[in-house]
Structure formats: C-alpha cells, structure tokens
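What follows is each chain in one-letter form.
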Amino acid sequence: MMNESLQKRAVSKRPNRARFDGRLLFLTEDPDLIRRQLAGEDLAWTPAMKLRDNISTDEITPAYICYYFDETLGDFPYLGFQAGREFPIERGSVRAGGFSVSISGKRRGKGSSREQSPYAELCAGIRLVIAENIERIYRQNCQNLGILTSTDFGLIERLRAGEEIGLEEFTRGEDPITRQIIEYGGLFNFNVARLQGKASVPVVETPARAMTLAEKIFARHFVVDAASDRVGVGAVQPGDAGFVRTDIRFSHEYVTPMAAIFFEQLVGENDSVNDPDSIYFFRDHLTFLEMAITEERKKMGLLEVANQLKIKQEAFAEKQGIRLHGELPGGKGSEAICHSKILESYALPGQIIIGSDSHTPHSGAIGCVAFGVGTTDIFNSWITKDVRVHVPESVRIEVRGEPQPGLTAKDYMLAILAHPYVRSGEAIGKVIEYAGPAVEALGVDERATLTNMAAEVGAFTGLIAPDAKTVDYLVERRGMAREAAESLCAQWQGDEGAEFAKTIVIDAGSLEPMVATPGDPGNGVPISKLGRVRIDIAYGGSCTAGKRSDMDMYAEVLRDGLERGRRVPDSVEFWIQFGSQDVKQYCVERGYLEIFEQAGARIIEPSCGACINAGPGVSRTQEQVSVSAINRNFPGRSGPGQMYLASPYVVAASALVGYIVPFEPVAESV
C-alpha cells in the first residue's frame, strides 16, 4: 500500500499534443556527419543516410559515466558512441547542441538495463527517441521517465516542419497500462494516479488455455486487487497487461542510489519500503575500480564520485532494514555478484524476480521468471511490491543431438545469437524457453549461462523447466528436503499444446566451439573459421562464467596444461575471478587454487570487475586483444581493445598458448 501523502498528491496527464522545439540528432555511422550536427548543422533526412544499428547502453552511458546518479548525467549522453573507429561526441556537446530528438537504426538501447542512459538523454534535452526497433528494457525505461519513443520514421519530416505531434502517435498499439504511463508522463505519476483511482488497470479475463511455463508463472502472480491483496488469475495470454507481484527485488550500487534519491524525493525521506525482507542490495560492481580506473579519470574525480554510490547504498540499506551483500573487509572484492547470489541462495522455481540488471534472467535456470528492470521500476516496486508486465510471446529453443566433447552452454549460446531469427531482432522482448536433450543434459550452472545470456538476445527473460537436476540442486546446494523440492518442481511445468511464437532447433552434434568476434555477441563463428588470433589478455569470470562449473573447466584445462609442461606465457595476462565466495570455497576444497597459481593464472575475489570495465582483466589500449568468457563484447565494454567471446574451455586453452584455440586434452591428442 502507498502512503497517505501519495494519496493526496496532485497528479494529471500531459497535454494531448507534444511539441519538440529542439533539433534532431541523427546518430550516423559517419563521424563527420556527427561532428557537423554538433557544430550546428541540421541534416536533411534521407533513407540513404546510414544510421548506426545496435547502439548499446554501454555506448550511451559508458560504465564510468554511471558513477553519477543525478542530473550531472546530462553532460554525458553518447560519450561512448562509436562511429567507424571514432568517438565523435564529447562531454556537454549534446546538451549544448539543443537537441530534443535522437534518431538511430536497429536495436536501439541493447545491452545493460542501466536507466542512467535514458536519464542522461532526458537531462541533456532529449524528449523523443526514434529508431527502427527498440530494446525492451531501454524502451520501458524511457517510458517510465517520460521520454517518448517511436519506430515511425514518417515523423521526421513533420518534426522538421515544427508540427505538434498528437500523443496518440506514441500510444497507438500500446497496452492500456503502457498507454496511461505515457499519458501521465512516467511510471511514478501513473502509480500515484492508480492509487487515487484516476488510472485504471484492466481486468485479465483470459479463458482457460494451454500455457507455457512463463505464462503459468505470470498467471499465478497477476495482481487482481492491490488494495485487498488479491493475486492470481486462471490464465493469461500474450498481450495481457497488468502488474505482477514480485517474490524478490534486488539492486546493486549502480542503481540503488538513484532509486533511493527518487524514493526520498518523491515519497519521503522518512517513509519505509514495502516488505524489506524480500529486497536485497549488492555491492558487487565497483569493488576493484581503483585497480582499473585510468589516471585521467582519477584526475576527473571519478573515483570519489563512484565511492558515493557505495555510501548512499549503505546508508539507505541501514535506514530501511534491507539486507546488503557487501564488499569484503578492506574492499577488493565482494560477497558475491548479485545474479550468482540470488540463484545460489534465494531463487525458487515458479517465482517472479526483478533485478536492476539485464542479466537477472540468470535465475531462470531453475524455472522462475527473472527479468531486468530499470531504476524507476525498482523504485516503484519498493512502494507497491509489484511490477508492470505485458505478457510476452514465448520462443522455444531446442538444443538436440549429441555434442562433441568440450562443447559448452556458451557455445550453444553463441550459435543461438548468430541465428538469423535472433540476429535480426525478432526475439526482442520475448520469453526464451530453452529445452531439448542437450539442455536437459546440462547442470544448473551451465543452464544459467543460457538463461543469463537471454539478455544478449534482447529477450524479456530466459528460463528452463525444472527437472530432476533442479531437484538435486535445491537439495544439495540449498539443503531443501528432497520431497519438498520434488513437489515444488512438479508444479512448474508448461502445458502440452502451449503456443510458441517460434521454435528454433539447434543441432549440438553439428557444432564446434564458437567464438564471437569483436563488437557484438551475435558475431559468432566456428573457431575453425577464425584464423590465428594472438591475444594479450584472457579473462574467466563474471556472472556468466564465474560459477562452479566454469571453475571446473578452467581447472581441467590448466591441469592438462601442467601435465604437458605448459604455463601461461609472460606475454599473456590470464585472470580468473569467482562469482561468489561460495564458488571460491568450492575451488579451495578441490585444490583448484593451487592449479590456477601453478599454471600462472591470476586469481581475483568476486566482483563484476572487468565485465563492466571496472576491475583487473580490462584492456588498456585499442591494440590489445582479449578473449573472454563474459557475456557481451560491445565497443568499450571491457576497455578500449578488441574482445572475442568464448567458452571457459577456449579462454583457458588460449591463455596457455597465446592465441585463440579450442581445448584438446592430452587423451584426445594421442
């Protein structure tokens, strides 16, 4: 329930016509065209203009920009935007240019769920984003903040002519809740209107039907009446809109401070969050920042700015009585990466989990609907304990066939990302349900690689139906009674005859180890077609590749290397980073630390670290080449160098020889 002050707050809809008095910024592939616009030239739109595709939130606001969590962000939109091999946009240039509309090509806002990206655009004056298609979380964050979005390029000439655009141009085709959020100018205003009875939430009256696993979970959690705490409907179908009750809400230090400021400013400094026992905070992103930040950025004062994130999160957690999984005593590492800990200790089949990170689907490995949301969604969930959803379509990806030895979930995933249906963006916003014999053969840790990287698909989430391996995981890793675990898992299965928007079949038997070339995780190629690629850095870690099963792979390769008399050469840095203290203890018990050290690997305590350009393992020059087991290789993601993505096997094998190679154990080479 919201508090009394919100019930009395004045709230109204925005005008039904929108006027954009600022200029139009075309984010093109040509750096000279960008500079000409920043210098004051207004370009005439032509479809022949080559707009940039795949602009990630890492490019809109690079990780180090997200140390800011207030209106200062308006100085920085597109600071990481790459045109060719150039970065033509400088601090303050967008705000100074007087732009109100930003235009680009396919897959705008892919990658991280960081709401700092649209908030930076908003603070710089951007009021409308036009793109060929727009990633789900980024688009939702825009709507939550009040930025309008469109995929209609026909608006461009009307805007150039100074025409006012009817609000219906931006609400047409939207579900009733999203339409009202746009009309009220953002999620918070809508929720206030919802509390006051001015905004309506449609009743879900879908008749009984065969449902996918995700649909069954949504149906069980649909809020029928927030005032009386009635939750659950008989059935849902794609397109149904409403709010779903969350079981777990979590955020990390990149997001918690901004959400806390929103809460204190818009709700009240002395008000309490709703059900703090189901909220978790994490200090997991920036504990190694001092070791990775450049001298130039230190001189800019960014280290001190970043430290304010930690201070604000700690203060808010203490005041609200929220569990904070923090950094190790003295810093330099954390208890766990948020995704790792949520799966290890909290997630259960059939739950709905929201987190302030695009890789929240990690926990879908045990059959829950876990998805990333932005700051405004997190902040509003502290008030209402629910989150809005528009039930997505589901895509079924079956991995069949007998894989060759050494093939991993990461290889399956890189093959999936290179599939034309996924590569074209047709899976954006959909639920990915992984299935098939090759998936069933994977343990829960490896399954988490698949669900985690649903974020790279641009999917709503990814999940795998619980089975006997899920039961074993809950019993062995959680201490749950076997009978209780079996009963829980049996409840959460999709119905026979459930409808999928698409079924994709991947033949594991035809695959070989995969590598994604620099720039995008969708650039996957079989390793045999890669050619000889020399490396400077190998990195094994992150939420995607810092699990127990990943450590098994690193250890297997390095043990094999030591038997051959091989160690990591002086020309290569090989970093291995745990996803949690649980994973580190697992390595201690199995003697892996000694193997890692003997082979010349450098061991790091848990943290997101190099994956977000904030820890050891990042590149330092454009010429350096990395092979990494993380989830994405967008420009600048992990330093200025060239990054190839690969499985833990390939990363470790490559570290031993100095160029990218598959793992070929001694036994197979005889």
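In short, a report on the structure. (Residues numbered from 1 in each chain as written. Predicted model: local features only at pLDDT ≥ 70, side-chain atom pairs only at ≥ 80, totals over all residues. Heavy atoms only, no water.)

**Some details on the overall build of the chain**
Consideration 1: Looking only at helices and strands, the chain has 30 helices and 26 strands in total.
Consideration 2: In terms of overall dimensions, the chain is globule-like: its C-alpha atoms have a radius of gyration of 24 Å, near the 26 Å expected for 670 residues.
Consideration 3: Its C-alpha atoms give the chain principal-axis dimensions of about 75 × 60 × 50 Å.
Consideration 4: Looking at the chain as a whole, 63% of its 670 residues are labelled buried.
Consideration 5: Accessible surface for the chain amounts to roughly 23,900 Å². Of this, 46% is attributable to carbon and sulfur atoms.
Consideration 6: Measuring between centres, the 72 positive side-chain charges of the chain sit 2 Å from its 90 negative side-chain charges. (Helix = DSSP H or I, 4+ residues; strand = E, 2+ residues; numbered from the N terminus. Rg over C-alpha atoms; globule rule 2.2 N^0.38 Å. Buried < 20%, exposed > 50% of the residue type's maximum accessible area, 1.4 Å probe, protein only. Areas by Shrake-Rupley, 256 points an atom, 1.4 Å probe, with all protein chains shown as cover. Lys, Arg positive; Asp, Glu negative; His and termini not counted. Charge placed at Lys NZ, Arg CZ, Asp CG, Glu CD.)

**A few points about helix H24 (residues 482–491)**
Consideration 1: Residues Ala-485, Leu-488 and Cys-489 constitute the buried set of H24. Projected down its long axis, H24 carries its buried residues within an arc of 95°, all on one side. What points out from H24, more than 90 degrees from its buried face, is the exposed set Glu-483 and Ala-490.
Consideration 2: On its buried side, H24 packs onto helix H23 (468–478). (Arc of directions from axis to C-beta. Contact = heavy atoms within 4.5 Å.)

**Topic: the state of the cysteines**
Simply put, the disulfide is a covalent bond whose two ends are the sulfur atoms of two cysteines.
Consideration 1: For the structure on display, the rule yields zero disulfides.
Consideration 2: Looking at the unpaired Cys-368, the closest cysteine sulfur is the one in Cys-489, lying at 11 Å.
Consideration 3: Among the cysteines around Cys-543, which has no disulfide bond, Cys-611 carries the closest sulfur, lying 6.1 Å off. (Disulfide = S-S within 2.5 Å.)

**Remarks on the sheet that holds strand E19 (residues 502–507)**
Consider a sheet: its strands pair through backbone hydrogen bonds, and that pairing is either parallel or antiparallel.
Consideration 1: The parallel open sheet is built from four strands, whose spatial order is E18-E17-E16-E19. Looking at the sheet topology across the chains shown, the edges are occupied by strand E18 (461–463) and E19. When strand polarity is set aside, the average angle formed by the axes of neighbouring strands in this sheet is 20°.
Consideration 2: Note: strand E17 (residues 431–435) against E18, three bridges, orientation parallel. Along E18, the bridge assignment pairs Glu-433 with Leu-463. (Pairing = 2+ DSSP bridges. Axes fitted to C-alpha atoms, helices over the stretch in contact; angles between N-to-C directions.)

**Comments concerning the sheet that holds strand E3 (residues 99–103)**
Consideration 1: With parallel pairing, four strands are arranged side by side in an open sheet as E2-E3-E4-E5. Either end of the sheet is taken by a strand with one partner, and the two such strands are strand E2 (23–26) and strand E5 (148–150). Each strand of the sheet is rotated relative to its neighbour by a mean of 20°, with strand direction disregarded.
Consideration 2: Here strand E4 (residues 128–130) pairs with E5 via three bridges, running parallel. Bridging across to E5, Ile-130 finds its partner in Ser-150.
Consideration 3: Each of E2 and E3 is contacted by helix H2 (residues 31–38), which is oriented at about 165° to E2, the strand it contacts most.

**Considering the side chain of Thr-375**
Consideration 1: Within the secondary structure, Thr-375 is located in helix H17 (residues 375–384).
Consideration 2: In contact with Thr-375, not counting residues within four places along its chain, are Glu-115, Val-255, Met-258, Ala-259 and Phe-262.

**Considering the environment of His-252**
Consideration 1: You can see His-252 is positioned in strand E10 (residues 248–252).
Consideration 2: Residue His-252 is classed as buried on the basis of its relative accessible area, which comes to 3%.
Consideration 3: Sequence separation of His-252 and Glu-402 is 150 residues, and the distance between their C-alpha atoms is 39 Å.
Consideration 4: Ignoring sequence-local partners within four residues, the contact set of His-252 consists of Pro-257, Phe-282, Asp-284, His-285, Gln-313, Cys-338, Ser-356 and Asp-357.

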